[in-house]
Amino acid sequence: FIAFKIPDFYPPYNVFTLVLVAKDVNILFDELEAVSSPCKDDDSLLHPGNLTSTSDDASRLEAGGETVPERNKSNVLYFRDGKCRIDYILVYRKSNPQTEKREVFERNIRAEGLQMEKESSLINSDIIFVKLHAPWEVLGRYAEQMNVRMPFRRKIYYLPRRYKFMSRIDKQISRFRRWLPKKPMRLDKETLPDLEENDCYTAPFSQQRIHHFIIHNKETFFNNATRSRIVHHILQRIKYEEGKTRLVSLNRLLTNGSYEAAFPLHEGSYRSKNSIRTHGAENHRHLLYECWASWGVWYKYQPLDLVRRYFGEKIGLYFAWLGWYTGMLFPAAFIGLFVFLYGVTTLDHSQVSKEVCQATDIIMCPVCDKYCPFMRLSDSCVYAKVTHLFDNGATVFFAVFMAVWATVFLEFWKRRRAVIAYDWDLIDWEEEEEEIRPQFEAKYSKKERMNPISGKPEPYQAFTDKCSRLIVSICVVIAAVFGIVIYRVVTVSTFAAFKWALIRNNSQVATTGTAVCINFCIIMLLNVVSELQWLPRTESEWENSFTLKMFLFQFVNLNSSTFYIAFFLGRFTGHPGAYLRLINRWRLEECHPSGCLIDLCMQMGIIMVLKQTWNNFMELGYPLIQNWWTRRKVRQEHGPERKISFPQWEKDYNLQPMNAYGLFDEYLEMILQFGFTTIFVAAFPLAPLLALLNNIIEIRLDAYKFVTQWRRPLASRAKDIGIWYGILEGIGILSVITNAFVIAITSDFIPRLVYAYKYGPCAGQGEAGQKCMVGYVNASLSVFRISDFENRSEPESDGSEFSGTPLKYCRYRDYRDPPHSLVPYGYTLQFWHVLAARLAFIIVFEHLVFCIKHLISYLIPDLPKDLRDRMRREKYLIQEMMYEAELERLQKERKERKKNGKAHHNEWP
């Protein structure tokens, strides 16, 4: 039994008793390599109520020959001596034949000054964990090489001069705010730790100017994420074969199987028996789980500073962008819901829907060959009403709003990113020269060229190889779309002759629904295949050319069928008696009598819901199943009754590694969703609402996955979201064009407008109300003589079930002359008026929206004015502080020399 007292400044804990039970569960290798330099456990960012002892108590116990408590070693993740913090973990198997490379690599690790300790797994003695620790000297030397910015002075905040009138107004507003409830979305400041570096000026670390930096404790000066990043930087530059300059980097050893895994450790368990409100957080992982990854805080803001501190700037920027995108979806979702509700409230007053529902005497021509029957136009009543919900008078306004919204979203994100980059010291950060990815080197090692920067030969991929892969992939997607088109034209006839009346009477809806589901399966399959086609050369190329290629492929794969339905379905079918056919065999599919917009809505709704559901399952469900299976195997091997307390490195090893593509899949999912939300939003106003609901879940799913289901990823830096911003701008431009075409071509907005002003009861009066739409349905339908049907198109039924006698005429959607005119089935004058109006609308809409977008971009500066002033003032203060600190140091040296009698006459200052 070991009993020791907690200092009085840790109330209410006065005495803490700990029972140590010795168990020989770990096998220690290379004990002589273990280090004895002290590494204190003093993390000022955690609540003090969770510490078992202070660093002074730990030192006192060591000095007295006593053992450091087991809790201190396991929770704070130290070596077996309880002093040296574990900064990185390597995992290998003893049975692996790559022993020589591993020995050379580990010998060079020690030569770099890193300290090492090995332990075997509790469940498999073949698995060996290599624990690495970087002493202060190594951290300082490499932090200077990597230009790691560290705090050196507290920030000085100042208030600009304000007029008395504005001060009085602020006082009145502050009094009024006291009566308002506190903002429920903000996190409790008492729960979050005080992140010191956010309140300090920072500068690149320098050992010569070490006295300028704020160093309370050398062991906690570099946080865990920074220590792991420095160790990883060292490992990437260590040789594993003597005499060969190119055989370096840990990544190559992971690729050839010398090591199974390499990762930094999580900071302990994410769960605690005690409440975080009463006992505080056990560690930063526990704090992130309670304040970020828990479902109970779904409505709260994200603790981005803590995310950045634990996972690094790159992951922090992703969650900052995702949170900003989700917040900006609120107004878009509200307006989209308003447009939908406007369609609901005006449904009973829609003259077009009324005429369709009351058109029991209008008989429509069959929509397919032979098996499709004649049908009353009134049978499309439900579809006409559903179409009105999405295609109504507010649709054009919503399309303009979404185009402006996309621009505002991107412009204000630039301002938000600038603030984050300033707060996180990313303004002057530049990427380092990167190593070639081992997968790329293994595939293209036979072809080499000279690197213009380093002057060394390196493998490369020929331009023709890159282009051929992209062209082949796009051709595969086009072939898949062509297959879906053939499926639709063939299946509609099959469903029309189906035995079940439900499917037979709704053959077009059944065709569209099954085609969308098959298209979804093809999309997901081709996405998996596409990830195996391209290998990026380096990580930066992963973020640029590789990202662009993959996005283009998956964007075309996801939206190709949607483009077909929006702009080609029913546009080139010909007319009854002269249908256009595919390969002179299959008749092209026609739109529903109520229009093609209902097919587009079904395509977008089904794909969006299915894809987001599938992605969420794969992101969280797959790691959960994998981790459950691992725990199940452990229980089967050791028995369910025996509870094993695993060390943290073994717990993390049993978790799933982060996706091999990094944040690529996370960004890609959201960017494709952004495309769905903006490109065809005129046809589906509920898309922003579905995206908002998904993203609220997505943030917590991703947070839960990062904190609980994945190993801790290496903290890496980035100053922005990279090439994804350019892709977002491209989608914003494309959305203006596609929405203009959807409104002008896919919807009936332009034909209704032309009829109201030119051909309806209000023609020439300048009105376009519902009373002006009387007779629109009859004017939009042409007449066909049934005897003019082709032999292969002639329906089996003669239509006698409608009037008791065979039908002579049927109607179809088009603007064509009747069969008894001088030019049978020729285009009418109304067709050319509608076509001219459609083209004019596209030109006016695009120019108007693009002018608004450019005006907004011009009016919104990239940097907020207060941030620009803060940056200038900080630059000035840093120069002054560095000068004063240097002057103070020189004065102290001068005084010391005077005391020692070594003063010089020509001395400055």
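Residues numbered from 1 in each chain as written. Predicted model: local features only at pLDDT ≥ 70, side-chain atom pairs only at ≥ 80, totals over all residues. Heavy atoms only, no water.

**A closer look at the overall build of the protein chain**
Inference 1: Summing up its helical and strand segments, the protein chain has 30 helices and 19 strands in all.
Inference 2: Burial status across the protein chain gives 51% buried among its 909 residues.
Inference 3: Counting contacts in the protein chain only where the partners sit at least 6 residues apart, residues at least 24 apart contribute 77% of the total.
Inference 4: When the accessible surface of the protein chain is summed, it comes to about 45,400 Å², and 58% of that surface belongs to carbon and sulfur atoms. (Helix = DSSP H or I, 4+ residues; strand = E, 2+ residues; numbered from the N terminus. Buried < 20%, exposed > 50% of the residue type's maximum accessible area, 1.4 Å probe, protein only. Contact = heavy atoms within 4.5 Å. Areas by Shrake-Rupley, 256 points an atom, 1.4 Å probe, with all protein chains shown as cover.)

**Topic: the packing of helix H12 (residues 313-345) against helix H15 (residues 395-423)**
Inference 1: It is at 10 Å that the axes of H12 and H15 come closest, and there the two elements cross at 160°. In terms of orientation, H12 and H15 fall into the roughly antiparallel class. The hand of the H12/H15 crossing is right-handed. Contacts between H12 and H15 involve Leu317, Ala320, Trp321, Trp324, Tyr325, Met328, Leu329, Pro331, Ala332, Ile335, Gly336 and Val339 on the former and, on the latter, Phe397, Phe398, Phe401, Met402, Trp405, Val408, Phe409, Phe412, Trp413, Arg416 and Ile420. (Axes fitted to C-alpha atoms, helices over the stretch in contact; angles between N-to-C directions. Parallel < 35°, antiparallel > 145°, perpendicular 65-115°, else oblique. Left-handed = near helix turned anticlockwise from the far one by under 90°.)

**Description of helix H7 (residues 224-235)**
Inference 1: For H7, spanning twelve residues, the distance from its first C-alpha to its last is 17 Å, which sits close to the expected 16 Å at 1.5 Å a residue.
Inference 2: The element H7 is largely enclosed, with a buried count of twelve among its twelve residues.
Inference 3: For H7, the set of buried residues is Asn224, Ala225, Thr226, Arg227, Ser228, Arg229, Ile230, Val231, His232, His233, Ile234 and Leu235.
Inference 4: The N-terminus of H7 is capped by Asn223, whose side-chain oxygen sits 3.2 Å from the backbone nitrogen of Ala225. (Expected span 1.5 Å × (residues − 1). Polar contact = N/O pair within 3.5 Å; in protein donor to acceptor, adjacent residues only side chain to side chain.)

**Let's talk about the packing of aromatic side chains**
Inference 1: For the coordinates displayed, the defined rule picks out 50 aromatic pairs.
Inference 2: Both rings, one in Trp628 and one in Trp629, keep their centres 6.1 Å apart while their planes meet at 55°; by these two values the pair is tilted.
Inference 3: Among the residues examined, Trp628 registers a relative accessible area of 40% and is labelled partly exposed.
Inference 4: The exposure class assigned to Trp629 is partly exposed, which follows from its relative accessible area of 42%.
Inference 5: The cationic tip of Arg587 hangs over the ring face of Tyr579; the distance from NZ or CZ to the ring centre is 3.5 Å.
Inference 6: Sitting over the ring of Tyr310, Arg712 keeps its end group 3.8 Å from the ring centre. (Phe/Tyr/Trp six-rings, centres within 6.5 Å; stacked < 30°, edge-to-face > 60°. Lys NZ or Arg CZ within 6 Å of the ring centre and 35° of its normal.)

**Comments concerning the pattern of salt bridges**
Inference 1: What the rule picks out here adds up to 26 salt bridges.
Inference 2: The salt bridge partner of Asp423 is Arg870, with a shortest N-O separation of 3.6 Å. With a gap of 447 residues between them, Asp423 in helix H15 and Arg870 in helix H30 (residues 865-899) connect regions that are remote in the sequence.
Inference 3: On the accessibility criterion, Asp423 (27% relative accessible area) is partly exposed.
Inference 4: Taken together, the salt bridges that share partners define one network made up of Asp369, Arg581, Arg587, Glu590 and Glu790. (Salt bridge = Lys/Arg side-chain N within 4 Å of Asp/Glu carboxyl O.)

**Digging into the packing of helix H11 (residues 304-311) against H12**
Inference 1: It is at 7 Å that the axes of H11 and H12 come closest, and there the two elements cross at 150°. Considered as vectors, H11 and H12 are oriented roughly antiparallel to each other. Seen along the crossing, H11 lies across H12 with a hand that is right-handed. Here Leu304, Val307, Arg308 and Phe311 of H11 come into contact with H12, specifically with Glu313, Ile315, Gly316, Phe319 and Ala320.
Inference 2: Within the contact of H11 with H12, the residues separate by chemical class into six nonpolar, one polar and two charged. (Nonpolar A, V, L, I, M, F, W, Y, C, P; charged D, E, K, R; others polar.)

**Notes on the state of the cysteines**
Inference 1: Inspection of the entire model under this criterion finds four disulfides.
Inference 2: Across a sulfur-sulfur distance of 1.9 Å, Cys357 and Cys381 are joined as a disulfide pair. Its S-S torsion of approximately 80° makes the covalent link between Cys357 and Cys381 right-handed. Linking Cys357 in helix H13 (residues 351-358) with Cys381 in helix H14 (residues 381-390), this pair joins segments that are 24 residues apart in sequence.
Inference 3: Linked covalently through their sulfurs, Cys365 and Cys810 form a disulfide whose S-S length is 1.8 Å. Between Cys365 and Cys810 the disulfide shows an S-S torsion of about 85°. By sign, it is right-handed. Of the two residues, Cys365 sits in the loop between strand E10 (363-364) and strand E11 (375-376) while Cys810 sits in strand E19 (residues 809-813), which places them 445 residues apart along the sequence. When sorted by exposure, Cys365 lands in the same class as Cys810, which is buried.
Inference 4: The structure places no disulfide on Cys517, whose sulfur is separated from the nearest cysteine sulfur, that of Cys521, by 7.2 Å. (Disulfide = S-S within 2.5 Å.)

**Things to note about the pairing of strand E6 (residues 127-133)**
Inference 1: Counting buried positions along E6 gives seven out of seven residues, so the element sits mostly inside the fold.
Inference 2: Burial of E6 is two-sided: the residues Ile127, Phe129, Lys131 and His133 facing one way and the residues Ile128, Val130 and Leu132 facing the other way are all buried.
Inference 3: Two strands pair when backbone bridges link them, and strand E4 (residues 88-93) and E6 are joined in this way by six bridges, in the antiparallel orientation. By the bridge assignment for E6, Tyr88 is matched with Leu132.
Inference 4: Across six bridges, the pairing between strand E5 (residues 115-120) and E6 is antiparallel. Within E6, the position partnered with Ser120 by the bridge is Ile128. (Pairing = 2+ DSSP bridges.)

**Details of the environment of Glu729**
Inference 1: Position of Glu729 relative to the elements: it lies in helix H25 (residues 724-746).
Inference 2: A relative accessible area of 35% places Glu729 in the partly exposed class.

**Some details on the environment of Leu347**
Inference 1: Structurally, Leu347 can be placed in the loop between H12 and H13.
Inference 2: For the pair Leu347 and Ala384, spaced 37 residues apart in sequence, the C-alpha to C-alpha distance is 9.9 Å.
Inference 3: Non-local contacts of Leu347, meaning those with residues more than four positions away in its chain, are made with Ser353, Lys385 and His388.

**As for H15**
Inference 1: With 29 residues, H15 should cover 42 Å at 1.5 Å per step; its first-to-last C-alpha distance of 41 Å lies within 8% of that length.
Inference 2: Downstream of H15 by one or two residues, Asp425 has phi in the positive range, about 60°.

**Section: the confidence of the model for the protein chain**
Inference 1: Per-residue confidence for the protein chain gives a mean pLDDT of 77; residues scoring 70 or more make up 76%.
Inference 2: Taken as a whole, residues 1-75 scores under 50 in pLDDT and shows 129 contacts with residues more than four places along the chain or in a different chain.
Inference 3: Note on residues 433-445: pLDDT is under 50 here. Beyond four places in sequence and across chains, it has 42 contacts. (pLDDT = per-residue confidence, 0-100.)

**Considering unusual backbone geometry**
Inference 1: Positive phi, close to 55°, is recorded for Asn147, a residue that is not glycine.
Inference 2: Relative to the helices and strands, Asn147 resides in the loop between helix H4 (136-145) and strand E7 (149-154).
Inference 3: Accessibility expressed as a relative area gives 47% for Asn147, which makes it partly exposed.
Inference 4: Unusually for a residue other than glycine, Asp425 sits at a positive phi of about 60°.
Inference 5: Positionally, Asp425 belongs in the loop between H15 and helix H16 (438-443).

**Some words on the environment of Arg85**
Inference 1: With respect to the secondary-structure elements, Arg85 resides in the loop between helix H2 (70-76) and E4.
Inference 2: A C-alpha to C-alpha distance of 9.1 Å links Arg85 and Asn224, two positions 139 residues apart in sequence.

**Let's talk about the nonpolar core**
Inference 1: In this structure, Phe311, Trp321, Tyr325, Trp405, Phe551 and Trp724 are the most contacted members of the largest nonpolar core, which totals 136 residues.
Inference 2: With 15 residues, the single largest contributor to this core is H12.
Inference 3: Ranked by size, the runner-up nonpolar core spans 39 residues in total, among them Ile128, Met146, Leu235 and Tyr240. (Core = buried A, V, L, I, M, F, W, Y, C linked by side-chain atoms within 4.5 Å.)

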